[in-house]
Amino acid sequence: MRVSYLGLLALVVAAFGCGNVDLAHSCAPPLMRCGDVCVDTNSDVENCGACGTTCEADQACSQGTCSCAGTGGMLCSGTCVDTMTDTANCGGCGSACDSGAACTAGACAATCGAPFSACTDPATSKMFCTDTTTDVDNCGTCGNACDLLNSCSFGACVPTFGWETLAAQPSTEEAPGASDYTPADQSSYYLLNGTSLVRYDRATDAFTTLSPAPVNLNDWPGMAWVGNALWAIGAGEVLEYDIPTDTWTAIVASGVHANIEAGTTHDTTGKIYSFTQAGEVAIYDTVAGGSVTYVATTILGTTSYEEPHLAFDEGTGLLYVAPNFVAPNLYSYNPATGAVVALASNPGGGMNDAFCGDRHGHLYAAGDTNDSNTSFYSYDITNNVWTALPALPFGHGDDGACTVMAEGGGYLYETPGDSLITGRIRLH
């Protein structure tokens, strides 16, 4: 029987149904059937890797994966960015440039207007803007740091001048202990003697009397400046002085191991440290709270721990201990391991109560306990070397205090106590 062409087409339609033509055998590799069409899922943006997988408008389909086109293009959090120029994703997803920096060729570069220059922080490898005519760490050129007791003037390191005499502290501070270090955004320091607390303000060169401590902390106690509070370990307690409200609180009200007129300092995590009469490092965590912990040390063996003072250095992460004011000995203590190392002794023959640090590589001490002596020394932590500073314009006594104020280029303050006078020298 002969079947016409139209008859044959009718038979096909009847067999497969109208509009449902099977194309499976008509999609030649690498094409595959998606619905009623043949597509290349390696490159089709509406069927990328699989039928129905659609790439975003700014994406291409490559090897069956949605990707970003162009040099530096990268998919970050579902969006294509150019990591060669994007400041939020410079060189890779999530690698953001600091404020004021641009992303150039996949690297953050500071965009500095005059008189600033772009320098790189060796610790973070990020660039920042600075005035190299005055920056003591980048004087004249990036990375050129001026020595201690030098400032940067017109791009050159020049020696600073000697001590200057300032206002006299109140008579209540005849045997003061100073706050351990003044943060860079502050311009004051604090003196404590017994129960009497005063604040020195650099802007006015004047002292202000504050609320007295609730217990007698004796002489030369010193305090740790942590956040908005001063902390002291003494008189069997841990005390907090809240700076904004001018109020004291006994955080640990009893049972703290005795110390003999010891100072208190702090690390970068909020822990404070003092030194007990038994030769222990006393540690209190101002963040976590709880009780005071104690670590026995081999510092000075059985020698008396009289008027010990401490300083913390952020670069080394070590605590530096002068365990007896009449002895020249200096030790480092590692809070992480408990290791104690004997260091170079103060050349003045004694450490003195005036002992402090700048938290960035240097310690300072009056040395000698002769009231009329005018010597003062700096200690280089890196090189384990003591160096004499310019002579004080007055006798330092053996019952004073010192502290460093970072603001204004860095100043070392010395209060000798009995003579009721204040001196300072610019460190940078």
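For the structure, see preceding data.
Just so it is clear, the structure is predicted and the values come from calculations on it, not from any experiment.

Caption draft 1: Here's a closer look at the overall build of the protein chain. Looking only at helices and strands, the protein chain has 1 helix and 36 strands in total. Since a compact globule built from 428 residues should have a radius of gyration of about 22 Å, the 35 Å found for the protein chain marks it as more spread out than a globular shape. Taken over the C-alpha atoms alone, the protein chain extends approximately 135 × 55 × 40 Å along its principal axes. Classification of the 428 residues of the protein chain by burial places 44% in the buried group. Pairs at least 24 residues apart make up 39% of the contacts formed inside the protein chain by residues separated by at least 6 positions. Taken as a whole, the protein chain presents about 19,600 Å² of accessible surface, with 53% of it coming from carbon and sulfur. The centroid of the 9 positive side-chain charges in the protein chain is displaced by 16 Å from the centroid of its 45 negative side-chain charges.

Caption draft 2: Just the state of the cysteines, in detail. One pass over the full model with this rule turns up 12 disulfides. The residue that forms a disulfide with Cys112 is Cys129, at a sulfur-sulfur distance of 2.1 Å. On the sign convention where negative means left-handed, the S-S torsion of about -90° between Cys112 and Cys129 marks this disulfide as left-handed. Residue Cys112 is found in the loop between strand E8 (107-110) and strand E9 (117-120), and its partner Cys129 is found in strand E10 (residues 127-130); the two are separated by 17 residues along the sequence. Its relative accessible area of 24% is what places Cys112 among the partly exposed residues. Disulfide pairing places Cys356 opposite Cys402 at an S-S distance of 2.2 Å. A torsion of -120° about the S-S bond marks the disulfide between Cys356 and Cys402 as left-handed.

Caption draft 3: Representation of the packing of aromatic side chains. Scanning the entire structure with this criterion turns up 13 aromatic pairs. Among the aromatic residues, ring-to-ring pairing joins Tyr189, Tyr200, Phe207, Tyr411 and Tyr413 into one connected group.

Caption draft 4: The sheet that holds strand E31 (residues 362-365), seen in detail. With antiparallel pairing, 4 strands are arranged side by side in an open sheet as E30-E31-E32-E33. The open sheet has two edge strands with one neighbour each: strand E30 (355-357) and strand E33 (385-388). Between one strand and the next, the sheet's axes are offset by a mean angle of 25°, whatever the strand orientation. Where E31 meets strand E32 (residues 377-380), 4 bridges bridge the pair, whose relative direction is antiparallel. Within E32, the residue paired with Tyr364 across the bridge is Ser378.

Caption draft 5: Layout of the sheet that holds strand E21 (residues 247-252). In space, the 4 strands of this open sheet follow the order E18-E19-E20-E21, with antiparallel pairing throughout. Two strands lie at the open edges of the sheet, namely strand E18 (224-226) and E21, each paired on one side alone. Within the sheet, the average angular offset between the axes of one strand and its neighbour, ignoring direction, is 30°. Bridge count between E18 and strand E19 (residues 229-234): 3 bridges; the pairing is antiparallel. Residue pairing for E19: Ala224 is matched across the bridge by Trp231.

Caption draft 6: Representation of the pattern of salt bridges within the structure. Evaluation of the coordinates by the stated rule reveals 5 salt bridges. With a shortest N-O distance of 2.8 Å, Glu164 and Arg424 are connected by a salt bridge. Here Glu164 is found in strand E13 (residues 164-166), whereas its partner Arg424 is found in strand E36 (residues 422-426), with 260 residues between them in sequence. Glu164 sits in the partly exposed class, given a relative accessible area of 32%. One salt bridge in this structure joins Lys271 and Asp285, with 3.8 Å as the shortest N-O distance. Here Lys271, found in strand E23 (residues 271-275), pairs with Asp285, found in strand E24 (residues 280-285); they are 14 residues apart in sequence, far enough to count as distant. For Lys271, a relative accessible area of 30% translates into the label partly exposed. Owing to a relative accessible area of 18%, Asp285 belongs among the buried residues under this scheme.

The rules behind these values
Residues numbered from 1 in each chain as written. Predicted model: local features only at pLDDT ≥ 70, side-chain atom pairs only at ≥ 80, totals over all residues. Heavy atoms only, no water. Helix = DSSP H or I, 4+ residues; strand = E, 2+ residues; numbered from the N terminus. Rg over C-alpha atoms; globule rule 2.2 N^0.38 Å. Buried < 20%, exposed > 50% of the residue type's maximum accessible area, 1.4 Å probe, protein only. Contact = heavy atoms within 4.5 Å. Areas by Shrake-Rupley, 256 points an atom, 1.4 Å probe, with all protein chains shown as cover. Lys, Arg positive; Asp, Glu negative; His and termini not counted. Charge placed at Lys NZ, Arg CZ, Asp CG, Glu CD. Disulfide = S-S within 2.5 Å. Phe/Tyr/Trp six-rings, centres within 6.5 Å; stacked < 30°, edge-to-face > 60°. Pairing = 2+ DSSP bridges. Axes fitted to C-alpha atoms, helices over the stretch in contact; angles between N-to-C directions. Salt bridge = Lys/Arg side-chain N within 4 Å of Asp/Glu carboxyl O.

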